Each structure stands twice: as C-alpha cells, then as structure tokens.
Amino acid sequence: MSHQTAIAATGLTKRFKTGRTHIEVLKNVDFDARHGDVTMVMGPSGSGKSTLVACLSGLLKPDQGGVTAMGHDLWSYRPGKIDRFRLDHCGFIFQGFNLFSSLNALDQVALILKYKGLSRAEARRRAEIALDEVGLTHRLRQRPSEMSGGEKQRVAIARALAKEPQLLFADEPTSALDGETGQVIVKLLQRAAKQHGAAVICVTHDPRLEAYADRVIHIEDGRILSDARTAHAAPVGSANPVPAQPALIEA
Ligand SMILES: Nc1ncnc2c1ncn2[C@@H]1O[C@H](COP(=O)(O)OP(=O)(O)OP(=O)(O)O)[C@@H](O)[C@H]1O
Ligand SMILES: [Mg+2]
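Notes on the structure follow. Computed from a predicted model, the values in this text were never measured in an experiment. Chains are numbered independently. Their residues run from 1 in the order of the written sequence. Chain A is the first chain written and ligand 1 is the first ligand written, with later ones labelled in order. Per-residue local features of the predicted model are confined to residues with pLDDT of at least 70, and side-chain atom pairs are confined, for both listing and counting, to 80 or more; whole-chain, interface and lining totals are unaffected and use all residues.

### Comments concerning the overall build of the protein chain
Part 1: Every helix listed is a DSSP run of H or I at least four residues long, and every strand listed is a run of E at least two residues long, numbered separately from the N terminus. In terms of helices and strands, the protein chain carries 6 helices and 10 strands.
Part 2: Dimensions of the protein chain, computed from C-alpha atoms along their principal axes, come out at roughly 50 × 45 × 35 Å.
Part 3: Across the 251 residues that make up the protein chain, the buried fraction comes to 41%.
Part 4: The long-range fraction of contacts in the protein chain, counting pairs at least 24 apart against all pairs at least 6 apart in sequence, stands at 66%. Each residue is classed by its C-beta neighbour count within 10 Å, where at least 20 other C-beta atoms makes it buried, 12 or fewer makes it exposed, and intermediate counts make it partly exposed; the C-beta atoms are placed from backbone geometry. The contact criterion used here is simple: two residues whose C-beta atoms, placed from the backbone, lie within 7 Å are in contact.

In structure tokens form, the structure reads like this:
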C-alpha cells in the first residue's frame, strides 16, 4: 500500500462576511493526507472542520492558500474542471446526505456509477453490492422520504464507496447511526483506505472512531492544534499495517 501524499494544502485562509463583520474561519492552515490512511479531523462545533473539507474538495474557494490534489493545483482549474475532478477522484459523505429526492436507494448509487462510465447493468450490480455492505438490501426501492435518517446516511455512504474514489471526504459519517452501525461504516471507510489506497479524510465528533484512525488532527478556532499518527498506524512506507490498541504518538 502506497503512503504517498494524496492531497496537500498550504496557507489556507477562509473568511466569511456576516453583516458588516468578517470572521476568519480558517487561519493559515497547512494540511495533508496520504493514500492508505484514515485521517480524522476532530474539533469543537464551529471550529472550521466542514469549511476545511469544502476547501480541500473543490467546493469552496479559499481566500488564500492552495490545494494540490492528486498532483493537480485544484484551485487553478476552472469550475467545470473542478466538477470533473470531483466526479473522477472524490467521494463525499456529507452532513445533510445530499440525496436526490426522486430516486430510490438503488438509483442514487447507480446514477453516480453511470456518470463514471459504467454500463447500466454493471452500475446496478455494483450499487446492489454497496448497499448490501451498509445493510440496506431490504431498502433498495425506497426513496429518501421513505427512509430513516440513518438509512439515508447509509445510502450516501454506499454511493461514495461504490465509486472507489482515491479521495474520500466524510463529514460526521456516523452522526445519525447507532454505535453498531457506526462501526460497520467506519470499517468500510478503513477498507477504502487499506484495500483501495484511498486517502480518507473523516470529520467527526465521535471519540469512538479514533480507534480506526491512522492519524488524528485536532482543529480549534480555525487552526490546527495537534497532528498525531496513532500507534497502530502503519509507518510511512511499511507494507502491512498491524492493528493494535490506539494510542496517540506525535507525528
Ligand atoms: N457561509 C457562511 N457564512 C458565514 N459564516 C459561515 C458560513 N459557513 C460557516 N460559517 C461559520 O464558520 C464557522 C465554521 O463553520 P464550520 O461549518 O466549518 O464548522 P464545523 O467545525 O464544521 O462545525 P460543526 O461541528 O458544528 O459542523 C462557524 O462559526 C460558522 O458559523
Ligand atoms: Mg461541520
């Protein structure tokens, strides 16, 4: 498994204007994430986690700083090219699910695969497998309005994983799930990293998820406070990560 840098950002600054005041939500943030790693971003509500993920993934242009994703200077691309980049390389699991209200679970997942160029039959086959993995085999034909919050979240997760993206962004992926289902999901995220070499960037409040992280980054008030690899994380360049009890060590 390669542990090369998948995405790196330097000097990210983002301000929002509300009324007459500007608030600086990201303050000169440097960030990187590697293929094969689950990188968790933790921090209090309002600390800038979702804003960071949006800047890294081409959804929100930073005021200053740059992002190199899969070797490309992301923010030098025109908007259409950024969309294409996201389609080709990124998976998203976001707060709010972003599901299409008119599509059933199977079509939510299959549609993205068809955009990627798979045949209708192959897209449906892969979509069924992905939905089975998140425990939704019995919900294939249901639309978002007919699903629980946790079921919708799992459809969004299946949709992101089915693409086998090299960059996987997850923002509170387990927030609507019970502990057991949450664990299934984090294991799937881990598999995306370990088997497909994805760089998984996962925002969470949930300390239980730290056990699945290779690296934990704490952010507070728009600044990175700490950045540590976990003891069970594979050292850079090692072939076989050995799972063990998580304990934080300085990166
Ligand atoms: N479009 C916007 N306009 C103005 N302020 C914004 C906007 N988006 C975010 N903010 C502010 O920026 C700060 C950081 O927001 P962000 O969504 O990144 O926080 P977060 O760390 O993801 O929090 P949470 O854990 O609650 O999701 C917040 O104080 C928020 O109110
Ligand atoms: Mg957020």
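What follows picks up the thread again.
### As for unusual backbone geometry
Part 1: Phi at M70 is positive, roughly 50°, even though this residue is not glycine.
Part 2: Here M70 lies in the loop between strand 4 (64-69) and strand 5 (72-73).
Part 3: One non-glycine residue, D221, lies in the positive phi region at around 50°.
Part 4: Taking the C-beta count within 10 Å as the criterion, D221 has 13 such neighbours and is therefore assigned partly exposed.

### Examining the site of ligand 1
Part 1: Any residue whose C-beta atom, as placed from the backbone, lies within 6 Å of a molecule or strand is termed near it. Near ligand 1 you find F16, T18, V25, G43, S45, G46, S47, G48, K49, S50 and T51, and these make up its full shell.
Part 2: Just so you know the grouping, Ala, Val, Leu, Ile, Met, Phe, Trp, Tyr, Cys and Pro go in nonpolar, Asp, Glu, Lys and Arg go in charged, and all remaining residues, Gly too, go in polar. Its residues assigned to classes, the shell around ligand 1 comprises 2 nonpolar, 8 polar and 1 charged.

### Comments concerning helix 4 (residues 120-133)
Part 1: With 14 residues, helix 4 extends 20 Å between its outermost C-alpha atoms, agreeing within 8% with the 20 Å of an ideal straight helix rising 1.5 Å per residue.
Part 2: Buried-residue contacts for helix 4 involve helix 3 (105-115) and helix 5 (149-162).
Part 3: G135 sits one or two residues past helix 4 and shows a positive phi near 80°. Helices are assigned an expected span. That span is 1.5 Å times one less than the residue count.

### Some remarks on the sheet that holds strand 8 (residues 199-203)
Strands pair in a sheet through their backbones, by hydrogen bonds, and they do so in one of two ways: parallel or antiparallel.
Part 1: Read from one edge of the open sheet, 6 strands run 6-7-8-3-9-10, paired in mixed fashion. The open sheet has two edge strands with one neighbour each: strand 6 (90-93) and strand 10 (223-229). The sheet shows a mean angle of 15° between the axes of neighbouring strands, taken without regard to direction.
Part 2: Axis angles are defined between N-to-C directions and span 0 to 180 degrees, where every axis is a line fitted to C-alpha atoms and, for a helix, only to the segment in contact. Of the strands in this sheet, strand 6 and strand 7 (167-171) are in contact with helix 5, which crosses strand 6 at around 170°. Only when DSSP finds a minimum of two bridges between them are two strands counted as paired.

### Section: the packing of helix 5 against helix 6 (residues 179-196)
Part 1: Running from N to C, helix 5 and helix 6 point in directions that differ by 10°, and their axes come no closer than 11 Å. Classified by the angle their axes make, helix 5 and helix 6 are roughly parallel. Residues G150, I157 and L161 of helix 5 lie in contact with helix 6, whose contacting residues are T181, I185, L188 and A192.
Part 2: Residue classes in the contact of helix 5 with helix 6 are distributed as 5 nonpolar, 2 polar and no charged. Throughout, the term roughly parallel applies to angles under 35 degrees, roughly antiparallel to angles over 145, roughly perpendicular to angles from 65 to 115, and oblique to all others.

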